[in-house]
Amino acid sequence: MSEVRLQAAHRLVASNPGGTYLGTVPDVLLAIPVLEVELHGDGSIRRINVLRRPGQAPETLQMAIDAMRRAAPFGDVSRLPRPWKFSETFLFNDERKFKPRTLDN
């Protein structure tokens, strides 16, 4: 599912152009919500589970969920082994813009 995760991270950025950044991650982040996304075979979202709620700026959790829904569907995954799910960590800066941790190389 690492291929799907990378594709999803790119879709997250493309689908949320005003809410993302791709530069250097700041030393201190505003919030770090983590989501697990379970997919249907066609790549649409079946379920989103919250793996980590941010301690501050709790509204960023809903922002991350909304961003994930805007980015879906993530392409046909029916030929991949089950379970069809992946997790993503959202690195929010002080401007409440996020970078998917998958793209933080």
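Everything here concerns the structure above.
Attention in this report is confined to the structure presented alongside it. The model shown is predicted, which means the values in this text are computed figures rather than measured ones.

### Comments concerning the pairing of strand β1 (residues 34-39)
Here's step 1: With six of six residues buried, β1 is to be regarded as a mostly interior element.
Here's step 2: By the bridge criterion, six bridges tie β1 to strand β2 (residues 45-52) in an arrangement that is antiparallel. For L39, the partnering residue across the bridge sits in β2 and is I45.
Here's step 3: Counting the residues between successive antiparallel strands, the hairpin from β1 to β2 contains five residues, one of them, G43, with a positive phi of roughly 90°.
Here's step 4: As defined by bridge partners, β1 adjoins strand β3 (residues 85-92) across five bridges and the pair is classed as antiparallel. When the bridges of β3 are listed, L35 appears paired with E88.

### Let's talk about helix α1 (residues 2-15)
Here's step 1: Taking 1.5 Å of rise per residue, the 14 residues of α1 would be expected to cover 20 Å, and the 20 Å separating its terminal C-alpha atoms lies within 8% of that figure.
Here's step 2: Residues of α1 that are buried: V4, A8, A9, L12 and V13.
Here's step 3: In this structure, the buried side of α1 is in contact with β1, α2 (59-71), β3 and β4 (98-100).

About the thresholds
Residues numbered from 1 in each chain as written. Predicted model: local features only at pLDDT ≥ 70, side-chain atom pairs only at ≥ 80, totals over all residues. Heavy atoms only, no water. Buried < 20%, exposed > 50% of the residue type's maximum accessible area, 1.4 Å probe, protein only. Helix = DSSP H or I, 4+ residues; strand = E, 2+ residues; numbered from the N terminus. Pairing = 2+ DSSP bridges. Expected span 1.5 Å × (residues − 1). Contact = heavy atoms within 4.5 Å.

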